[in-house]
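# Secondary and tertiary structure notes
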Amino acid sequence: MFQTTILARKRRRPEATLSQGHDKVKFRDVILYLVERRMGKSRRNFLSNLARSKGFCVDDSLSDHVTHVVSEGNTAQELWNWLEEHDLKKPHDKHVLNISWFTESMSAGQPVPVEMKHHIPNPAVERRSFPCTSTNPTSSVSPFACKRRTTLDNHNKSFTDVLEVLAENFEFSGNQGPCLAFRRAASVLKSLPATLRRPGDMEHLPCLGEHSKAIIEEIFECGSCSKAEEILNDERYQTLKMFNSVFGVGIKTAENWYCRGLRTFEQVLTEPNVRLNRMQTAGFLFYEDISRPVSRAEANALKVLIEEAVTCVNPSANVYITGGFRRGKDFGHDVDFIIRTPVPGQEDGLLQAVIDRFRSQNILLYSDFQESTFDLKKLPSCRFEAMDHFHKCFLIVKLRREQVLEEKETDEERQRDWRAVRVDLVAPPIERFAYAMLGWTGSTLFERDLRRFARLERGKLLDNHVLYDKATKTFLPAQTEEDIFTHLGLEFIEPSERNA
Ligand code: UTP
Ligand code: MN
């Protein structure tokens, strides 16, 4: 909320520089720029004055703040060459439109919603992102997430947010198939280097089923999706999402509570027939803190704490951040760490020692230690979605404010000098380190597709412990993540490109 206000404020410019004259600005979120090329100077002046008289902001220069660029009589190629020569900033933030949008808006007396027909897409970006639509009829986008490079720079958020709401709703009703289908569709769109501009852009993309396509078409037409709106307003969805946000409360438990007629945390906590386990009790106790995203600065502070504890026991051990933070995310729901010990066997007892130390430092709020059940003789397992077998622990720790660099104090937080944070630690044996690191880095869909690709395309079984070749019945050794990609005949994908 706060951020949007800042952004909105930033966009606004002093009226004088917009030559607004005495006309009153009615539509502050829209700043027009009319391209003089082909339109001509006098027509541009005339149209600019017309727009201003109707309460529009018109910028005479192609500044950062411009939101709508309007062109008349130029071909897409001509226009985009011209825009590039004139150093168009942040093209993703702007609508580049033909005059039809402008005339419609003038007759409506207000900015009309931008539709596909108004857009003038950049032909160069079109070629780069959708090579299939021009010359090459086969798609260049792989159906496997592990063959796509997906950064955090999502150009199709308006589509992927909706698809993910639908996926989540299917997950809540136990429909794994459609849930995965919508997640896959969203993931493909996240990997594209540009925004979809028209329904035809979907044509050669993989993993977009009939339903996903219909949703995307609806967003193109109406700017929103009625089904997703309905879900977001649905009591069942809202309640399950809220219950599921508690540490230790899975979808099954959330549903069970919902079916008993429970709708609020208070009702759950006062219902005599609900018995919370230890994890859920901690989840409710620290709910406010652990439902707040963890920042990178906080993750780094935790890394220092864990390094201190680990090297106290084993000076040759190393601590690495994994999970979402390793993929470059600025915020996470928890912080995941993997501990590397250089000699086989050194991983034993290490996490217990870390937990004991945190307890003696009075910063341990919750711990669930799981002893290793790793046994190479029992592998490869065919249950790839199952948890791995390494020593690991799920913790809630107290992070003191003073330990976090770049911490900004706000009024509401000042009463307490610490916050609770969810931390996961895993300590695999050294010869399993690469597989574990690859598995814990995620994203979940990237991992899922790595395994699927290994099995279907390479006849190999991959999980957090091993890579097994079915043809030769051998385990393939790996010191690094790169080794695993090489065994699979895949180009290496950097962690920052695994945000599938
Ligand atoms: P997370 O759930 O922490 O996700 O699991 P994340 O990507 O870091 O996202 P945020 O930012 O916390 O919300 C990280 C990875 O660890 C794997 C998961 O499959 C996921 O890819 N994981 C988790 C395991 O491999 N084994 C486990 O026992 C637990
Ligand atoms: Mn995480």
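Residues numbered from 1 in each chain as written. Chains lettered and ligands numbered in written order. Predicted model: local features only at pLDDT ≥ 70, side-chain atom pairs only at ≥ 80, totals over all residues. Heavy atoms only, no water.

## Description of the overall build of the protein
Heads up, the rule is: Numbering of helices and strands starts at the N terminus; helices are DSSP runs of H or I of at least 4 residues and strands are runs of E of at least 2. Only protein chains enter the accessibility calculation, which uses a 1.4 Å probe. A residue is then buried if its area is under 20% of the maximum for its type, exposed if over 50%, and partly exposed in between. Throughout, a residue-residue contact means that at least one pair of heavy atoms, one from each residue, lies within 4.5 Å. The method behind every accessible area is Shrake-Rupley, applied with a 1.4 Å probe, and residues are considered shielded solely by the protein chains displayed. In this tally, Lys and Arg are treated as positive and Asp and Glu as negative; His is ignored, and so are the chain termini. A single reference atom marks each charge: NZ on Lys, CZ on Arg, CG on Asp, CD on Glu.
When its secondary structure is counted, the protein shows 21 helices and 14 strands. Here the protein holds 500 residues, and 47% of them are scored as buried. A separation threshold of at least 6 residues defines the contact pool for the protein, and within that pool the share at least 24 residues apart is 68%. Counting only carbon and sulfur atoms, one obtains 51% of the accessible surface of the protein, whose full area is about 25,200 Å². Between the averaged position of the 70 positive side-chain charges in the protein and that of its 71 negative side-chain charges there is a distance of 1 Å.

## Some points on the coordination of the manganese ion (ligand 2)
For clarity, the threshold we go by: Listed donor atoms are N, O and S within 2.8 Å of the metal (Na, K and Ca: 3.2 Å). As water is not included, a site may look incomplete.
Binding of the manganese ion (ligand 2) to the protein goes through Asp334 (OD) and Asp336 (OD), at separations of 2.1 Å. Like Asp336, Asp334 is buried.

## What about the side chain of Arg52?
Under the convention used in this document: Polar contacts, as used here, are pairs of N or O atoms within 3.5 Å; protein pairs need one atom able to donate a hydrogen and one able to accept it. Residues neighboring in sequence count only if both atoms are side-chain atoms.
Inspection of the secondary structure puts Arg52 in helix α2 (residues 41–53). A polar contact is formed between the side chain of Arg52 and the side chain of Asp60, at a distance of 3.2 Å.

## Remarks on the site of ligand 1
We apply this condition: Here a residue is considered near a molecule or strand provided that any single heavy atom belonging to it is located within 4 Å of it. Residue polarity follows a fixed list, in which Ala, Val, Leu, Ile, Met, Phe, Trp, Tyr, Cys and Pro are nonpolar, Asp, Glu, Lys and Arg are charged, and the others, Gly among them, are polar.
As a structural note, the neighbourhood of ligand 1 is formed by 16 residues, with Gly324, Lys329, His333, Asp334 and Asn464 the closest of them. A distance of 2.8 Å separates an oxygen atom of ligand 1 from a polar atom in the backbone of Gly324. Asp388 places a side-chain nitrogen or oxygen 3.3 Å from a nitrogen atom of ligand 1. Among the residues making up the shell around ligand 1, the classes are represented as two nonpolar, eight polar and six charged.

## Notes on the packing of helix α8 (residues 176–190) against helix α20 (residues 444–458)
Axes are the key here: two packed helices are described by the angle between their axes and the distance separating the axes. Put simply, the test is: Only C-alpha atoms enter the line fits that serve as axes; for helices the fit covers just the stretch in contact. Angles between N-to-C directions range over 0 to 180 degrees. To sort the angles, those under 35 degrees are grouped as roughly parallel, those over 145 as roughly antiparallel, those from 65 to 115 as roughly perpendicular, and the leftovers as oblique.
Remark: α8 packs on α20, axes separated minimally by 11 Å, with the N-to-C direction vectors making an angle of 100 degrees. The angle between α8 and α20 falls in the class roughly perpendicular. Along its contact with α8, which presents Leu180, Arg183, Arg184 and Ser187, the element α20 presents Leu445, Arg448, Asp449 and Arg452. Per-class residue counts for the contact of α8 with α20 are two nonpolar, one polar and five charged.

## Describing the sheet that holds strand β6 (residues 318–322)
Just so we agree on the cut-off: At least two bridges found by DSSP between two strands is the condition for calling them paired.
Taken together, the five strands give an open sheet; going across it, the order is β6-β8-β11-β10-β9, and neighbouring strands pair in mixed fashion. Two strands in the sheet have a free side with no partner beyond their single neighbour: β6 and β9 (364–370). On average, each strand axis in the sheet is tilted by 25 degrees relative to the strand beside it, whichever way the strands run. Relative to strand β8 (residues 335–340), β6 runs antiparallel, the two being bridged by five bridges. Paired with Thr322 across the two strands is Asp336, which belongs to β8. Running over the sheet, helix α18 (residues 350–360) touches β8, β9, β10 (391–400) and β11 (418–427) and is turned about 165 degrees from β9.

## Re the packing of aromatic side chains
Quick note on the threshold: Stacked, tilted and edge-to-face are the three classes applied to pairs of Phe, Tyr and Trp rings, where Trp contributes its six-membered ring and a pair requires centres within 6.5 Å; stacked means planes under 30 degrees apart, edge-to-face means over 60, and tilted covers the rest. In this analysis the charged atom, NZ for Lys or CZ for Arg, is taken to sit over a ring once it is within 6 Å of the ring centre and within 35 degrees of the ring normal.
Scanning the entire structure with this criterion turns up 15 aromatic pairs. The interplanar angle of 55 degrees and the centroid separation of 5.2 Å between the aromatic rings of Phe159 and Phe220 together place this pair among those described as tilted. Remark: Phe220 occurs in helix α9 (residues 210–222) and Phe159 occurs in helix α7 (residues 157–172); sequence separation between them is 61 residues. Of the residues examined, Phe159 reaches a relative accessible area of 4% and is grouped as buried. Owing to a relative accessible area of 13%, Phe220 belongs among the buried residues under this scheme. Considering the side-chain rings of Phe265 and Phe284, the 5.2 Å spacing of their centres and the 85 degrees angle between planes classify their relative orientation as edge-to-face. Of the two residues, Phe265 sits in helix α13 (residues 265–270) while Phe284 sits in helix α14 (residues 278–285), which places them 19 residues apart along the sequence. Under the relative-accessibility criterion, Phe265 is labelled buried at 18%. Classification of Phe284 as buried rests on a relative accessible area of 13%. By way of ring pairs, the aromatic residues Phe243, Trp257, Phe265, Phe284 and Tyr287 are connected into one cluster. Its end group placed over the ring of Phe433, Arg340 keeps NZ or CZ at 5.6 Å from the ring centre.

## Observations regarding unusual backbone geometry
Backbone torsion omega between Gly442 and Ser443 reads -5 degrees, so that peptide bond is classified as cis. Backbone geometry places Arg38, a non-glycine residue, at a positive phi of 70 degrees. Mapped onto the elements of the fold, Arg38 is located in the loop between β1 (31–34) and α2. Despite not being glycine, Asp87 shows a phi value in the positive range, around 60 degrees. Position of Asp87 among the secondary structure elements: in the loop between α3 (76–85) and β4 (95–98). Assessed through its relative accessible area of 45%, Asp87 is described here as partly exposed.

## Remarks on the pairing of β10
Successive side chains on a regular strand alternate, one facing one side of the sheet and the next facing the other. A large share of β10 lies buried, amounting to nine of its 10 residues. For β9 and β10, the ladder comprises six bridges, and the chain directions are antiparallel. Each residue of the ladder has a partner; that of Tyr366, found in β10, is Ile396. Both β10 and β11 contribute to a ladder of 10 bridges, which runs antiparallel. In the strand pairing of β11, Cys393 is matched with Leu425.

## Brief notes about α18
So the rule is basically this: For this quantity, the arc is that covered by the directions from the helix axis to the C-beta atoms.
Where α18 is concerned, the buried positions are Leu350, Leu351, Val354, Ile355 and Phe358. Projected down its long axis, α18 shows its buried positions confined to an angular sector of 140 degrees, all on one face. Buried positions along α18 lie against α16 (296–313), β8, β9, β10 and β11.

## A closer look at the sheet that holds strand β13 (residues 467–469)
To summarise the sheet geometry, strands pair through backbone hydrogen bonds and adopt either a parallel or an antiparallel arrangement. Across the sheet, which stays open at both edges, the three strands sit in the order β12-β13-β14 with antiparallel pairing between neighbours. Lying at the two open borders of the sheet, with one neighbouring strand each, are β12 (460–462) and β14 (474–475). Pairing analysis gives two bridges linking β13 to β14, with the strands arranged antiparallel. Following the sheet pairing, Asp469 is matched in β14 by Thr474.

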